[in-house]
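# Survey of secondary and tertiary structure
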Amino acid sequence: MTILVTGARGAVATALIDLLRQRGLPVRPASSRPSDPSIATCDLTDPATFPAALAGVSSVFLYAEPSYVDAFVKEAITAGVEHIVLLSSSAVLASDAETNPLAKTHLDVEHALTVAPVRSTLLRPGAFAGNALAWAWPIKAGAPVSLPYPGSYNDPLHETDLAEAAATVLTDPALGGRVYTLTGPESITCAAQIDVLSRVIGRDIAIRKVTREEWKTEMADYVSGPVADALLDWQQSNDGVPTEITRDLERLIGRPGRTFATWAREHAAAFQP
């Protein structure tokens, strides 16, 4: 039962590959740009790479890339794939999901899977704890962190916990074919996350409250305008509004998820000069 894991260079996929191998399961890591010969080529924007990547595969861990998802699903069915686990997003639950660039990508892939004759499981995480790495450069430099909405809440989910959830549904047939909304164990503001990082690295981290336009200007080289607006709208909608925490993660992995403080301690070096 070879398991194809797409996006093999990502944090979630890397942890998932390790977990599956620890369980003695055959895994085929795949990436659009393999870094070594042990990683297969599977570029989700290039259907020509699909047949070889899917040959002999029974299950797939799939990143949400809508460009050729119909072709991917068709090739997966031809190859005899029985189960696809999608890394989606809880953004698809928003009222504007059809027009929101953060949600639309995931929503399109979900639609393609739910109408296909293959068993699919949808994992819908909220915010990743690793999103805090966006603050690493100013923190390392001793500069303030620019926040348009310091009081905006999110639910940081440790990427290894998400990988454990994916491993569980990939290896337990009774849990497949469902939708899981996954959150971290706590609702915490951006400012509180900065405070956690400050305690972990042992020095004060200043916050600079900026306007939406100032933040977009700072992030222009990394985040496109429509995506920046969607991120800002999401933060604004959560400003002063605690995130609802689900128990889906705990049900899948059998314990509460790791806290943001745990993630921060594990990644402290990324924030040190």
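Residues numbered from 1 in each chain as written. Predicted model: local features only at pLDDT ≥ 70, side-chain atom pairs only at ≥ 80, totals over all residues. Heavy atoms only, no water.

## Section: the pairing of strand E4 (residues 57-63)
In terms of residue burial, E4 counts as a mostly covered element, since six of its seven residues are buried. Pairing between strand E1 (residues 2-5) and E4: four bridges, direction parallel. Opposite isoleucine 3, over in E4, you have serine 59 as the bridge partner. Relative to strand E5 (residues 83-87), E4 is paired through five bridges, and the arrangement is parallel. Residue pairing for E5: valine 60 is matched across the bridge by isoleucine 84. (Buried < 20%, exposed > 50% of the residue type's maximum accessible area, 1.4 Å probe, protein only. Helix = DSSP H or I, 4+ residues; strand = E, 2+ residues; numbered from the N terminus. Pairing = 2+ DSSP bridges.)

## Describing the sheet that holds strand E9 (residues 179-182)
Read across the open sheet, the seven strands follow the order E3-E2-E1-E4-E5-E6-E9; overall the sheet is parallel. Two strands lie at the open edges of the sheet, namely strand E3 (40-41) and E9, each paired on one side alone. Here strand E2 (residues 27-31) runs beside E3; their pairing, made up of two bridges, is parallel. Looking at the pairing, serine 31 lines up with threonine 41 of E3.

## Quick look at the pairing of E5
Most of E5 is tucked away, with five of its five residues classed as buried. Of the two faces of E5, the one holding His83, Val85 and Leu87 and the one holding Ile84 and Leu86 are both buried throughout. In the classification by handedness, the crossover that spans E4, the intervening helix H3 (residues 69-79) and the parallel E5 is right-handed. Strand direction decides the pairing type here: E5 and strand E6 (residues 119-125), joined by five bridges, are parallel. By the bridge assignment for E6, isoleucine 84 is matched with serine 120. (Right-handed = clockwise from strand over helix to strand, strands pointing away.)

## Section: the pattern of salt bridges
Opposite charge on two side chains lets them pair, provided their charged atoms get close. Summed over the entire model, instances satisfying the criterion amount to 15 salt bridges. Taking the shortest distance from any N to any O, the salt bridge between glutamate 98 and lysine 104 comes out at 2.8 Å. In this structure lysine 104 comes out as partly exposed when scored by relative accessible area, which is 27%. The salt bridge partner of glutamate 218 is arginine 208, with a shortest N-O separation of 2.9 Å. Separated by ten residues along the polypeptide, glutamate 218 in helix H8 (residues 212-218) and arginine 208 in strand E11 (residues 207-209) bring together distant segments of the chain. Relative accessible area serves as the criterion here: at 38%, glutamate 218 is assigned to the partly exposed category. The exposure class of arginine 208 is partly exposed, given its relative accessible area of 38%. Look at the salt bridges and you will find they share partners, linking Asp161, Glu164, Arg255 and Arg258 into a network. (Salt bridge = Lys/Arg side-chain N within 4 Å of Asp/Glu carboxyl O.)

## Observations regarding the packing of aromatic side chains
The final tally for this structure, using the stated rule, is four aromatic pairs. With a centroid separation of 5.2 Å and 80° between ring planes, the pair formed by phenylalanine 50 and phenylalanine 72 is classed as edge-to-face. Taken together, the positions of phenylalanine 50 in helix H2 (residues 50-54) and phenylalanine 72 in helix H3 put the pair 22 residues apart, joining distant regions of the chain. For phenylalanine 72, a relative accessible area of 1% gives the class buried. Where phenylalanine 260 meets tryptophan 263, the ring centres are 5.6 Å apart and the plane angle is 20°; that geometry is what we call stacked. Placement of both phenylalanine 260 and tryptophan 263 in helix H11 (residues 260-266) is noted, with a separation of three residues, approximately one turn of the helix. (Phe/Tyr/Trp six-rings, centres within 6.5 Å; stacked < 30°, edge-to-face > 60°.)

## Observations regarding the nonpolar core
Grouped together as the largest cluster of nonpolar side chains are 31 residues, with contacts concentrated most on Val5, Leu16, Leu20, Phe61, Leu123, Leu182 and Leu252. If you list the elements that add at least two residues to this core, you get E1, helix H1 (11-22), E5, helix H6 (159-171), E9 and helix H10 (248-253). Ala30, Ile84, Leu86 and Val109 belong to the second largest nonpolar core, which has 24 residues in total. (Core = buried A, V, L, I, M, F, W, Y, C linked by side-chain atoms within 4.5 Å.)

As far as function goes, none of this settles anything; it's purely spatial.
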